[in-house]
Amino acid sequence: MPATVVGQPLSGNRCQVSRAKRRPTGFHEALIICGMQSDTPSSPNSPNSPNSPNSPNDRPVENPADGKDKPGIALVVVAHPDDAEFGCAGTVAKWAREGWAIYLVVCTDASGGGSDDATDVGLSARQAITATRKAEQHAAARILGLCDVIFLDQPDGLLMPTLELRKMLVRLIRTIRPTRLICQSPDRNWKPNYAIGRHHPDHLAAGTAAIAAMYPAAQNPWDFPDLLAEGLKPHKVRELFVMGAPEVNQVVDITDTLALKIAALREHHSQLGANFVEVEKRIREFAQKNGEAHGLAAAEIFNRAEH
Ligand SMILES: [Zn+2]
């Protein structure tokens, strides 16, 4: 077994302070209203989404995590457990070290992530893999220093960017009140051609719903007026980071947190355990490729927009 790497406990002081300062209403009450759970385990089907090794388009390297902003709150929205580890784990681990309070939202229940050879795909088999994958995601989050993992428990493999999902995410944004949002790309990226995981319909749906929730709904009191009536005031997210986007304009140096990214991925035994040597090799190659054009040993890449 690999050595345990660093990591901070979920809900550390940083997270508690941030909650107390930033949350206008009861956090857990808001989650319960939404049918969300922040303290249970789950699991999906993700033919995972390796972070895109596409080139950073010769744009200048900017790194907002390098002192431009004071640490605040960041929200990561993905479809499945392990999606965040593939796409942005080095970045969020870096931000967590800098003092950011980071929350991870997993939209599906992860119930479709069992063995490719499975013949029993019934309810109890799905419940078992859901529990396994939620536990794996919590373990990975601890390694990265995240504050909490919230599961929206939408059916794995069937995620759609519905108004219901948008509303769930608006509720979370207005409750957690993040400065930064990270999500998957709502657009298909055809480079490179072997990154099939990026075409997973759940990934595209999660990206579409997250961006629609950020703008305009989260900041517009006229959208979902019942949320306003509950006391969830509008909130404007200032920065959007999109993983796997067709156009890249942001390169984040993860040289110091690549080991955490790999350690967090290693927690997803049910999806990656059998081939982890190959997974680690591929992740190191992607990170190196992302960084080399900018003189970095390892990087993650995004399309970033200020708002
Ligand atoms: Zn996935």
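It is worth spelling out the overall build of the protein chain at this point. Along its length, the protein chain carries 10 helices and seven strands. Per-residue burial over the protein chain gives 51% buried out of 307 residues. By sequence separation, contacts in the protein chain at least 24 residues apart represent 86% of the contacts at least 6 residues apart.

Looking now at the sheet that holds strand β7 (residues 299-306). If you trace the seven strands from one edge of the open sheet to the other, you get β3-β2-β1-β4-β5-β7-β6, paired in mixed fashion. In this open sheet, the two strands that pair with only one neighbour each are β3 (148-154) and β6 (250-253). When strand polarity is set aside, the average angle formed by the axes of neighbouring strands in this sheet is 25 degrees. The pairing of strand β2 (residues 101-108) with β3 spans five bridges and is parallel. Residue pairing for β3: V106 is matched across the bridge by F151. Against the sheet, helix α4 (residues 123-144) touches β2 and β3, its axis set at about 155 degrees to β3. Docked against the sheet, helix α10 (residues 276-292) engages β6 and β7, running at close to 55 degrees with respect to β7.

Buried residues dominate strand β4 (residues 180-184), accounting for five of its five residues. Burial of the side chains of β4 extends over both faces: R180, I182 and Q184 are buried on one face and L181 and C183 on the other. Here strand β1 (residues 73-78) pairs with β4 via four bridges, running parallel. Residue pairing in the sheet places A74 in a bridge with R180 of β4. Note that β4 and strand β5 (residues 239-243) share five bridges and pair parallel. Across the sheet, Q184 pairs through a bridge with M243, a residue of β5.

It is worth spelling out the confidence of the model for the protein chain at this point. Residue-level pLDDT values for the protein chain average 83, and 77% of them are 70 or greater. For the stretch residues 17-35, pLDDT sits under 50, and the model shows 21 contacts to residues farther than four places along the chain or on other chains. Across residues 39-67 the pLDDT falls below 50, and counting only partners more than four positions away or on other chains, this stretch makes 108 contacts in the model.

Attention now moves to the nonpolar core. Ranked by size, the top nonpolar core spans 83 residues in total, and within it V76, V77, V92, I102, V105 and L144 carry the most contacts. With eight residues, the top contributor of residues to this core is helix α6 (residues 201-214). If we ignore the near neighbours within four places in the chain, the residues touching I102 are A74, V76, V92, W95, A96, L146 and C147.

By the bridge criterion, five bridges tie β5 to β7 in an arrangement that is antiparallel. In the sheet register, E239 faces β7, and the bridge partner there is E306. Both β6 and β7 contribute to a ladder of four bridges, which runs antiparallel. Within the sheet, the bridge partner assigned to V251 lies in β7 and is I301.

The rules behind the values
- Residues numbered from 1 in each chain as written.
- Predicted model: local features only at pLDDT ≥ 70, side-chain atom pairs only at ≥ 80, totals over all residues.
- Helix = DSSP H or I, 4+ residues; strand = E, 2+ residues; numbered from the N terminus.
- Buried ≥ 20, exposed ≤ 12 C-beta atoms within 10 Å, placed from the backbone.
- Contact = placed C-beta atoms within 7 Å.
- Pairing = 2+ DSSP bridges.
- Axes fitted to C-alpha atoms, helices over the stretch in contact; angles between N-to-C directions.
- pLDDT = per-residue confidence, 0-100.
- Core = buried A, V, L, I, M, F, W, Y, C linked by C-beta atoms within 7 Å.

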